[in-house]
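# Overview (structure and organization)
Chain by chain, the residues run as shown.
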Amino acid sequence: IATWGGARPYANPHETKVVLVTWSSVRYGREAYFVDHVGRGEWSSTRDSPGSWMQVDLQDYRVFNPTHYCLRHGYKNGACRLQSFELSGSHDGVTWFKLDVQQHRDSPLPNSGYSTAAFPIGGAAAGQGAGAAAVGGEQGPGYRYFRLTQTGENSSPGNGLVDMLCCAGFEVFGRLQTAKKEA
């Protein structure tokens with residue numbers, strides 16, 4: 001989406017209004033950092049609140065049939081890395097489907113600043129059996145919204161910020177469909 005299939009140089013898709021990013025709350029950083037492909041070295045986190053989340057809306061004319069996703073940690077060192085979290089998808093922003101659930105005692109993200117990890121999305125939730133999404137007035141497979149929710153303490157229980165979700169990069173992979181008619 002950010003390069004229009006390689007036709008343009010990279011630009012943050014939230015800043016160019018191709019997608020819309022929202023968070024449950026903002027402690028540090030900007031919401032655009034959640035979908036940034038370029039690591040800026042900027043702290044990116046929600047407030048310290050249970051069930052914190054970050055979400056991307058691919059807008060009415062973008063849908064994915066996801067197969068994998070990648071996360072980039074949102075802090076300059078290994079503190080506060082995600083350990084227990086889930087990725088959900090939605091067609092309408094109201095009804096959510098769990099696409100992946102991660103429960104760890106040790107974070108799956110490497111113990112370093114702005115580290116990254118990739119995760120597969122499996123089962124019927126990822127493919128054609130996921131249901132239909134209304135896109136541009138037509139029905140099609142896939143999801144319009146993706147939400148990353150922290151479901152347990154992060155990797156730093158001793159710092160008093162265990163419910164702070166730190167993420168400075170999210171990418172989802174699969175088949176991109178455009179249903180919006182070009183003028």
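Because the structure is predicted, anything quoted here is derived from the model rather than measured.

### Considering the side chain of Gln83
Turning to its location among the elements, Gln83 is positioned in the loop between strand E3 (62-73) and strand E4 (85-90). In this structure the side chain of Gln83 is engaged in a polar contact, spanning 3.3 Å, whose partner is the backbone oxygen of Glu153. In contact with Gln83, other than residues within four places in its own chain, are Gln102, Gln103, His104, Arg105, Asp106, Ser107, Pro108, Glu153, Asn154 and Ser155.

### Notes on the sheet that holds strand E9 (residues 145-150)
Read across the open sheet, the five strands follow the order E1-E2-E9-E4-E5; overall the sheet is antiparallel. Edge positions in the sheet fall to strand E1 (20-23) and strand E5 (96-102), since each has one partner strand and no second. Recorded for the sheet is a direction-independent mean angle of 15° between the axes of neighbouring strands. Two elements, E4 and E5, share six bridges in a ladder whose sense is antiparallel. Looking across to E5, one finds that Leu87 is bridged to Asp100.

### Let's talk about unusual backbone geometry
Here Cys80, not a glycine, exhibits a phi torsion of approximately 65°, which is positive. Locating Cys80 in the fold gives a position in the loop between E3 and E4.

### Let's talk about the pairing of strand E2 (residues 53-57)
Along E2, four of the five residues are buried, which leaves the element largely enclosed by surrounding structure. Pairing between E1 and E2: four bridges, direction antiparallel. When the sheet's bridge partners are listed, Val21 is paired in E2 with Val56. Of the strand pairs in this sheet, E2 and E9 are connected by five bridges, and their pairing is antiparallel. Residue pairing in the sheet places Met54 in a bridge with Leu148 of E9.

### Some words on the packing of aromatic side chains
Both the distance between ring centres and the angle between the ring planes are used here to describe each pair of aromatic rings. Within this structure, the stated rule accounts for ten aromatic pairs. Taking 6.2 Å as the distance between ring centres and 65° as the angle between the ring planes, the aromatic pair formed by Trp96 and Tyr145 counts as edge-to-face. Of this pair, Trp96 sits in strand E5 while Tyr145 sits in strand E9, and the two are 49 residues apart along the sequence. The class of Trp96 is partly exposed, set by a relative accessible area of 25%. Of the aromatic side chains, those joined through ring pairs into one cluster are Phe34, Tyr69, Phe85, Phe97, Phe119, Tyr143, Phe146 and Phe170.

### Considering the layout of surface pockets
Picture a little ball the size of a water molecule; that probe, rolled over the atoms, points out where space is still empty. Roughly 410 Å³ of internal volume is contained in the largest pocket. Ile1, Ala2, Phe64, Glu171 and Val172 are, among the 17 residues lining the largest pocket, the residues nearest its centre. When residues in the lining of the largest pocket are grouped by element, the largest group, six residues, is from strand E10 (residues 167-178). In terms of residue class, the lining of the largest pocket is made up of 13 nonpolar, three polar and one charged.

### Concerning the pattern of salt bridges
Scanning all chains against the criterion turns up three salt bridges. The partner of Glu15 in a salt bridge is Arg30, and the shortest N-O contact between them spans 2.4 Å. Taken together, the residues Glu15 in the segment before E1 and Arg30 in the loop between E1 and E2 connect sequence positions 15 residues apart. Glu15 sits in the partly exposed class, given a relative accessible area of 39%. Of the charged contacts, one joins Glu86 and Lys98 as a salt bridge, the two residues approaching to 3.7 Å between their closest N and O atoms. Of this pair, Glu86 sits in strand E4 while Lys98 is found in strand E5, placing the two residues twelve residues apart along the sequence. Overall, the relative accessible area of 15% leaves Glu86 in the buried class.

### What about the side chain of Ser44?
Within the secondary structure layout, Ser44 lies in the loop between E1 and E2. Side-chain polar atoms of Ser44 contact the backbone oxygen of Cys167, separated by 2.8 Å. Excluding residues that lie within four positions of it along the chain, Ser44 makes contacts with Trp23, Tyr28, Gly29, Arg30, Tyr33, Met54, Gly74, Leu165, Cys166, Cys167 and Ala168.

Conventions adopted
- Residues numbered from 1 in each chain as written.
- Predicted model: local features only at pLDDT ≥ 70, side-chain atom pairs only at ≥ 80, totals over all residues.
- Heavy atoms only, no water.
- Helix = DSSP H or I, 4+ residues; strand = E, 2+ residues; numbered from the N terminus.
- Polar contact = N/O pair within 3.5 Å; in protein donor to acceptor, adjacent residues only side chain to side chain.
- Contact = heavy atoms within 4.5 Å.
- Pairing = 2+ DSSP bridges.
- Axes fitted to C-alpha atoms, helices over the stretch in contact; angles between N-to-C directions.
- Buried < 20%, exposed > 50% of the residue type's maximum accessible area, 1.4 Å probe, protein only.
- Phe/Tyr/Trp six-rings, centres within 6.5 Å; stacked < 30°, edge-to-face > 60°.
- 1 Å grid on protein atoms, 1.4 Å probe; cavity = no way out; pocket = protein on both sides within 12 Å on 5 of 7 lines; lining within 4 Å.
- Points joined across faces, edges and corners; volume = space filled by probe spheres on them.
- Nonpolar A, V, L, I, M, F, W, Y, C, P; charged D, E, K, R; others polar.
- Salt bridge = Lys/Arg side-chain N within 4 Å of Asp/Glu carboxyl O.

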